[in-house]
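So you can see what is in the structure, the chains are spelled out below.
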Amino acid sequence: MENILRIAVQKSGRLSDDSLSLIKECGIKFYNGTGKLKSSATNFPLEFLFLRDDDIPGYVADGVADLGIVGENELVEKNKDVVVLKKLGFSKCRLSLAIPKSETYTGLSFFQGKNIATSYPKILGDYLKEKAIQADIHEISGSVEIAPSIGLAEAICDIVSSGSTLMMNGLKEVEEIFRSEAALIGHPLMNQQKKHLVEKLLFRMNAVQKGKSSKYVLLNAPNHALDKIVSLIPGMRSPTILPLAQEGWSSVHSVLSEEQFWENIEELRAAGAEGILVVPIEKMIL
Ligand code: PRT
Ligand code: ZN
């Protein structure tokens, strides 16, 4: 048992698909039939617990699971003794204060003495305390956005992503109080074998993440422009340059971040680059 890592992932919801895809992209194979609460990987010592996201920080803090994938909003709200091993870059959202559209927003003092409905009483409470605003926090577990229209609260503090839920409920976002993304969390104490397995897993996750943010770029360039082009796409160590069958031309291969590629595309073309191909990278190890 000691040599198996247990990871808690959300059973079904906004974190589930990306959490499981990331683990699959790490080359780990497993079966997750619907309705299953537990599963094991077949080619890595990893066992899955499928849980509600609210329970994940607690299970990891108690050591029932060694690892977990959860939104930072849930993590900070639950305030459990766990460590963040890696931010994962998906399920990004923000926790914001919102008020009825018809109200005029006067700044944070608007909330003084108001009743605010939220599922995040700790994060909101800490924020209001820091800003020296006294308000009544009304904790509700779901459908927070309807609270103002049914007279339960004068404002809300809830997760926002596109903003369309707020809009549909006649609300407007006025303050962002917390930014969140999914994170890999771990129990603060693990034995050496488990630590070693966590390092293996993190190594793979880093390779996947690095690969996703980078592209393999191939292009053709006249030889006289090579110096300029190489300076625009420097690559990991330096680009590969191969002669084309047509004299005076070369093929240049390099790896760069997608942003870097788009920033330099005009200059590359102006320098004479043509036949530019941008190819995804599955894994990247530096
Ligand atoms: O059943 P379980 O407890 O496991 O799931 P859950 O219903 O508590 O959570 P779930 O699956 O909805 O969300 C899991 C995590 O995804 C959250 O803790 C956040 O970290 C993250 N996340 C990202 C979001 C959103 N985007 C999101 N848009 N969580 C919730 N929402 C909801 C929000 O509550 C609001 O109702 O979507 C609505 C707002 O979306 P927009 O696009 O209309 O602004
Ligand atoms: Zn939940």
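Residues numbered from 1 in each chain as written. Chains lettered and ligands numbered in written order. Predicted model: local features only at pLDDT ≥ 70, side-chain atom pairs only at ≥ 80, totals over all residues. Heavy atoms only, no water.

Caption draft 1: Region of interest: the site of ligand 1. Around ligand 1, a shell composed of 22 residues is seen, among which Asp 54, Asn 73, Ser 162, Gly 163 and Thr 165 lie nearest. At 2.8 Å from an oxygen atom of ligand 1 is found a main-chain nitrogen or oxygen belonging to Arg 14. Take Ser 162: an N or O atom from its side chain is 2.6 Å from an oxygen atom of ligand 1. Protein contacts shield 78% of the accessible area of ligand 1, which totals 840 Å² for the unbound molecule. No other element matches strand E9 (residues 155–160), which puts three residues into the shell around ligand 1. Looking at side-chain class alone, the shell around ligand 1 contains four nonpolar, eleven polar and seven charged residues. For the shell around ligand 1, the domains that each give at least three residues are domain 1 (5–90 + 181–211) and domain 2 (93–180). (Near = heavy atom within 4 Å. Polar contact = N/O pair within 3.5 Å; in protein donor to acceptor, adjacent residues only side chain to side chain. Areas by Shrake-Rupley, 256 points an atom, 1.4 Å probe, with all protein chains shown as cover. Helix = DSSP H or I, 4+ residues; strand = E, 2+ residues; numbered from the N terminus. Nonpolar A, V, L, I, M, F, W, Y, C, P; charged D, E, K, R; others polar. Domains from an automatic or database assignment.)

Caption draft 2: Representation of helix H4 (residues 121–130). Within H4, the full set of buried residues consists of Ile 123, Leu 124, Tyr 127 and Leu 128. Seen end-on, H4 carries its buried residues on one side only, within an arc spanning 125°. The exposed residues of H4 that point more than 90 degrees off its buried face are Lys 129 and Glu 130. At its buried positions, H4 is contacted by helix H3 (72–78), strand E6 (93–100), strand E7 (115–118), strand E8 (136–139), E9 and strand E10 (171–180). One or two steps after H4, the chain reaches Ala 132, where phi turns positive at roughly 55°. (Buried < 20%, exposed > 50% of the residue type's maximum accessible area, 1.4 Å probe, protein only. Arc of directions from axis to C-beta. Contact = heavy atoms within 4.5 Å.)

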